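Survey of secondary and tertiary structure
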Amino acid sequence: MNRVNLVVFKQIAIAGPFIIIYWLSMNLEMILGPPRKRGINCMDMSIRQPYVEDTIDWKLLYVIGLDTPIIVIILNELLHLIMEKGKGVRNLKKFFVHLYLAGMPFLCGFACERFLKNLLKVSVGRLRPHAYTLCQPISLEGFTCEQLSGASVYIAEYTCSGSSHRGSSIYKSFPSGHSSLAFYGLLYLVLYFRRSFEVLKGNQGFFATLYRPLILVIQLLCLSVAAMVAISRVFDYKHFWSDVAAGSVLGATVALAFSYYAEENATEVKRVLEEQSKGNYVECMKEDGKIDGQPEVCALQMEEITEVV
């Protein structure tokens, strides 16, 4: 197996572990059990906030944090394809290679972000700001908080009597999953566009000139939307500020890590292809004289390989 085939195999195989990680993230409660059940302090007013519907529900969150980055990456690579000058087939190969090198790390990072977020939620088991409102706890002795007296009445074991109680959801305040996914997807997009600037260095065409200020606006918009998603979770009484801060840091950290991986991976693929093309050129030149114009043919073959990335 030559180095190019090895790189192709590696790029395909890397997705395997992350598929498993994503499956684990979706089934953590089945594997580890329900979130840790914390006791309730009847005098804690921070968990007596009203329950309100989400400003940004899960469907819209996935549009913002998952669908939008994928669609924008595809459109951006298509735009690069339009701006590129060269043979159509060669540019089309380059489009699919660049799309994979940008999209594959994003999806792998998404799996890790979901896994870490769900693992923390199950492990910590922090009560949401509206936990008391939904749960309406009753102690094992049959008393409610209103029936108990004392400056700090703590109920360690209780059952929920609230008609709108939503199972284990009230124990999943830390960290904020909305903040985590929004910052992961949109910050990854910001960093992806930073790499796009490097690709367009020296390009003075009309599209390239228009592209640069437009991308700066999109980057600012991405960060603003991520912040708005995070802040909405506090105003909706779904999370505390610390939950939102932790979720934002988690998402941003995973985005930075996998953006760095995407950059290093693309550099490695390019290096291997360049080495392979140089080797092919040397082998081709050994046959010089057997074919008219052999150096030009060999150089063309070398260019076709290196221009893929």
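This write-up is about the structure you can find in this document.

Re the packing of aromatic side chains
- Summed over the entire model, instances satisfying the criterion amount to nine aromatic pairs.
- Their ring planes at 55° and their centres at 5.5 Å tell us that Y192 and F193 sit as a pair that is tilted.
- Here Y192 falls in the buried class, since its relative accessible area comes to 3%.
- Take F193: its relative accessible area is 1%, and that puts it in the buried class.

Some thoughts on the state of the cysteines
- In total, this model carries two disulfides according to the counting rule given.
- There is a disulfide in this structure between C42 and C145, and the S-S distance comes to 1.9 Å. On the S-S bond that ties C42 to C145, the torsion sits near -70°, and the link is left-handed. Placement of C42 in the loop between strand 1 (40–41) and helix 4 (58–83) and of C145 in the loop between strand 2 (137–139) and strand 3 (154–155) is noted, with a sequence separation of 103 residues between them. Just as C42 is buried, C145 falls in that class too.
- Here C135 connects covalently by a disulfide to C160, the sulfurs 2.0 Å from one another. Residues C135 and C160 are joined through a disulfide that is left-handed, its torsion about the S-S bond being -90°. Here C160 lies in strand 4 (residues 158–160) and C135 lies in helix 6 (residues 131–135), a separation of 25 residues in the sequence.

As for the side chain of S139
- Note that S139 resides in strand 2.
- Apart from residues no more than four positions distant in its own chain, S139 is found in contact with I155, E157 and Y158.

Some words on the environment of I231
- Looking at where I231 falls in the secondary structure, it is placed in helix 8 (residues 206–235).
- Owing to a relative accessible area of 34%, I231 belongs among the partly exposed residues under this scheme.
- Put simply, I231 and S179 are 52 residues apart on the chain and 8.3 Å apart in space, counted from C-alpha to C-alpha.

Re the pattern of salt bridges
- The final tally for this structure, using the stated rule, is seven salt bridges.
- In this structure, E29 engages K172 in a salt bridge whose closest nitrogen and oxygen atoms are separated by 2.3 Å. Note that E29 is positioned in helix 3 (residues 28–32) and K172 in the loop between strand 4 and helix 7 (177–199), a separation of 143 residues in sequence.
- Assessed through its relative accessible area of 31%, E29 is described here as partly exposed.
- The salt bridge partner of K238 is D54, with a shortest N-O separation of 3.1 Å. Of the two residues, K238 sits in the loop between helix 8 and helix 9 (241–285) while D54 sits in the loop between strand 1 and helix 4, which places them 184 residues apart along the sequence.
- Overlapping salt bridges, with partners in common, bring together D54, R233 and K238 in one network.

Rules of the game
Residues numbered from 1 in each chain as written. Predicted model: local features only at pLDDT ≥ 70, side-chain atom pairs only at ≥ 80, totals over all residues. Heavy atoms only, no water. Phe/Tyr/Trp six-rings, centres within 6.5 Å; stacked < 30°, edge-to-face > 60°. Buried < 20%, exposed > 50% of the residue type's maximum accessible area, 1.4 Å probe, protein only. Disulfide = S-S within 2.5 Å. Helix = DSSP H or I, 4+ residues; strand = E, 2+ residues; numbered from the N terminus. Contact = heavy atoms within 4.5 Å. Salt bridge = Lys/Arg side-chain N within 4 Å of Asp/Glu carboxyl O.

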